[in-house]
Amino acid sequence: MNREKNRGKRAVLMARVSSDEQAKGYSLDVQTDAIEAYCSRNRIEIVYTIREDHSAKSFERPEFNRFLSWLKGNRGQVDLLLFSSWDRFSRNALDAYRMIERLGRHGVEAQAIEQPIDFSVPENKMMLAMYLVMPEVDNDRRSIKIRGGIRAALKAGRWCRSAPYGYRNTRDENNRPIIVPSDRADVIRWAFEQVAKGQPQSEVRAEVNRKGIPVQRSRFSEMLRNPMYMGMIEVPAQDNEPYMLVKGQHEALVSEEVFYLVQQVLTGNFPRKRLSVSRRNELLPLRGILKCTSCGGKLTGSRSRSRNGTQHAYYYCNHCRNERYRVELANATVTEIMNSMTLDSDAEVILQQLFIQLLNGNSVQRKRNERELKDEIHRQNTRIQTLQDNLADGVIGGDEYREMRTRYISLREEATRKLSELSSDVSEKKELLGKAVGVMNSLGELFENGNAETRSKLLGSIFPEMIEFDGEKCRTASINSALLLCLAIDKGSSKNKNRTLPEKLVVSGRVENTGFEPVASTLPV
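Residues numbered from 1 in each chain as written. Predicted model: local features only at pLDDT ≥ 70, side-chain atom pairs only at ≥ 80, totals over all residues. Heavy atoms only, no water.

Spatial strand order, β2-β1-β3-β4: four strands in an open sheet with parallel pairing. Pairing within the sheet leaves two strands with one partner each, and these edge strands are β2 (45–53) and β4 (109–112). When strand polarity is set aside, the average angle formed by the axes of neighbouring strands in this sheet is 25 degrees. Along the sheet face, helix α2 (residues 28–41) touches β1 (10–17), β2 and β3 (80–83) and points at about 160 degrees away from the line of β1. Against the sheet, helix α3 (residues 62–73) touches β1, β2 and β3, its axis set at about 150 degrees to β2. (Pairing = 2+ DSSP bridges. Helix = DSSP H or I, 4+ residues; strand = E, 2+ residues; numbered from the N terminus. Axes fitted to C-alpha atoms, helices over the stretch in contact; angles between N-to-C directions. Contact = heavy atoms within 4.5 Å.)

Here's what the structure looks like:
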């Protein structure tokens, strides 16, 4: 960003935090002070200020929308939208590109004062791609860790969600979340017993509502089928782990006998163990993923025998019966699309170098954090040593010593854990990048040779929406945004600059279907 050319311009200041980021140094005041100081140094006039406590996963943010409305009525009154870093602007890469384009139509250039981009240099737009995609990758990684933590809690028998009817949320002696029966537990227990005796659900639910627990009909049926009321926790099937029913750490409201009697009343033949889901047919990886272009239903698939006794497999629509495709043709088309989604050697080098530059760019802050954490560990060790001396000298008693020592050790362990996470974060991300590039260059091989589970995961990660097939090409509403950006960078570095996506793939939900350059061409310069 050319600072000289921005002198005398008018800017909008934007500071944003999500609810869990203020303690990490992203507070609104810190951001506001930094941007105001930047504007003062560069003689930039601030004409509007945005301060918002909202997630950046989308631009559906009240304060930002108010700014957009203001901008419509004040066209030409502002030149810059300034924020501290690009993750303050957005944590969704494709949304960010669209918003940059939208602001550009109003003559407003979006800029991060800590990660400036000179849009007059075309190569810098690849750096912008990395600045925008990294927060989105970080969000996805955080979501995976959260889901993993929830699953681990469920496997340990701990209910860590909002308490269901008849329970309330609290914490145990180790400060871990747990549920305990509430003052309405007897009402829920009575409801199970009445249904087990054969009383109609509608009558039981009406009485439960009269007793002060408003429950809708569908929620009441869900409640009666939830095994946590007999003291068990459901752990859904995931990856290679099957569905499990584990002993919960909470108190049951009904006995297993009553619970299963209720299930028999509800279904007439309720199995005590849930059946495992059957494996997908290895020959039909697209079954349930392909979408009928006529009625929008899912295409199923099966084998059929011709008059001469030869067996053929087809994907077909069971709803309108208007579509029917040979399995070999559809599978081969998707395989060809996967084989086309590769990076040439130049694009690989660009991605890796950009990633390394981003990591190195944070090295100053990382070293500062490491130093602060080491100082904290040393401080707590000193406190513990002083406590021991005070105990030996009779300055403090045994109870006071144990209480304070426990607190200091807890603070030291917390700082040690954060230091360990900090040191492993960069190496983990580098390893993930290497694996991601390797997987991307073998998508076709993975799809063609993988088992049904591998194919299903691969398709789900690349295509968030269902796929339509017309016998020659595939069409979908969107594809993985990180993959799309990688393909855009590959287009910018390779000799083939005609298109970003494979020839046999149409993404109908994209504003531009030619990739990185058309979008970048609309950015302000």
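Turning to α3, a few remarks are in order. Look at α3: 17 Å from first C-alpha to last across twelve residues, which is about the 16 Å you get at 1.5 Å a residue. Burial in α3 covers these residues: Phe64, Phe67, Leu68 and Leu71. Down the axis of α3, the smallest arc covering the buried residues is 100 degrees, so these residues share one side. Turned more than 90 degrees away from the buried face of α3 sit Ser69, Lys72 and Gly73, all of them exposed. Along its buried surface, α3 packs onto β1, β2, β3, α4 (86–89) and α5 (93–105). (Expected span 1.5 Å × (residues − 1). Buried < 20%, exposed > 50% of the residue type's maximum accessible area, 1.4 Å probe, protein only. Arc of directions from axis to C-beta.)

Glancing now at helix α11 (residues 327–340). The terminal C-alpha atoms of α11 lie 20 Å apart, and with 14 residues this matches the ideal 20 Å at 1.5 Å per residue to within 8%. Among all positions in α11, only Val327, Ala330, Asn331, Thr333, Val334, Thr335, Ile337 and Met338 are buried.

On inspection of all chains with the given rule, the structure shows 14 aromatic pairs. Relative to Phe469, the ring of Tyr325 lies with its centre 5.1 Å away and its plane at 70 degrees, an arrangement referred to as edge-to-face. Of the two residues, Tyr325 is situated in strand β12 (residues 324–326) and Phe469 in strand β13 (residues 467–469); the sequence distance between them amounts to 144 residues. Phe469 sits in the buried class, given a relative accessible area of 2%. Following the ring pairs from residue to residue traces out a cluster consisting of Tyr48, Phe59, Phe64, Phe67, Trp70, Phe83, Trp86 and Phe89. Note that Arg61 overlies the ring of Phe64, its terminal NZ or CZ placed 5.2 Å from the centroid. If you follow Arg324 out to its NZ or CZ, it ends over the ring of Tyr314, 3.8 Å from the centre. (Phe/Tyr/Trp six-rings, centres within 6.5 Å; stacked < 30°, edge-to-face > 60°. Lys NZ or Arg CZ within 6 Å of the ring centre and 35° of its normal.)

Another aspect to go through is the confidence of the model for the chain. Averaged over every residue, the pLDDT of the chain is 79; residues scoring 70 or more account for 78%. Low pLDDT, under 50, characterises residues 269–280; the stretch is placed with eleven contacts to residues that sit more than four places away or in other chains. Counted against residues more than four places away or in other chains, residues 511–525, with its pLDDT under 50, gives 33 contacts. (pLDDT = per-residue confidence, 0-100.)

Turning our attention to the nonpolar core. The biggest cluster of nonpolar side chains holds 34 residues, and the ones touching the most others in it are Phe64, Phe67, Leu81, Trp86, Phe89 and Leu103. For this core, the elements supplying multiple residues, two or more each, are β1, β2, α3, β3, α4, α5, β4 and α6 (124–155). Among residues more than four places away in sequence, those in contact with Trp86 are Ile100, Ala110, Gln111, Ala112, Gln115, Ile117, Phe119, Leu128, Tyr131 and Leu132. (Core = buried A, V, L, I, M, F, W, Y, C linked by side-chain atoms within 4.5 Å.)

Within the secondary structure layout, Val334 lies in helix α11. For Val334 and Lys504, which are 170 residues apart along the polypeptide, the C-alpha to C-alpha distance reads 8.5 Å. Contact partners of Val334, with chain neighbours within four places excluded, come to Leu286, Phe447, Leu459 and Cys474.

Below, the discussion takes up the sheet that holds β13. One open sheet accounts for four strands, arranged β9-β13-β14-β15; its pairing is mixed. Edge strands, defined here as strands with exactly one partner in the open sheet, are β9 (290–291) and β15 (505–507). Note that strand β14 (residues 474–476) and β15 share three bridges and pair parallel. Its bridge partner lying in β15, Arg475 is registered against Val506.

Moving on, we get to the packing of helix α7 (residues 185–196) against helix α9 (residues 217–224). Contact pair α7 / α9: the axes reach a minimum separation of 11 Å and the direction vectors enclose 85 degrees. In terms of orientation, α7 and α9 fall into the roughly perpendicular class. Contacts from Ile188, Ala191, Phe192 and Val195 of α7 reach α9 at Phe220, Met223 and Leu224. (Parallel < 35°, antiparallel > 145°, perpendicular 65-115°, else oblique.)

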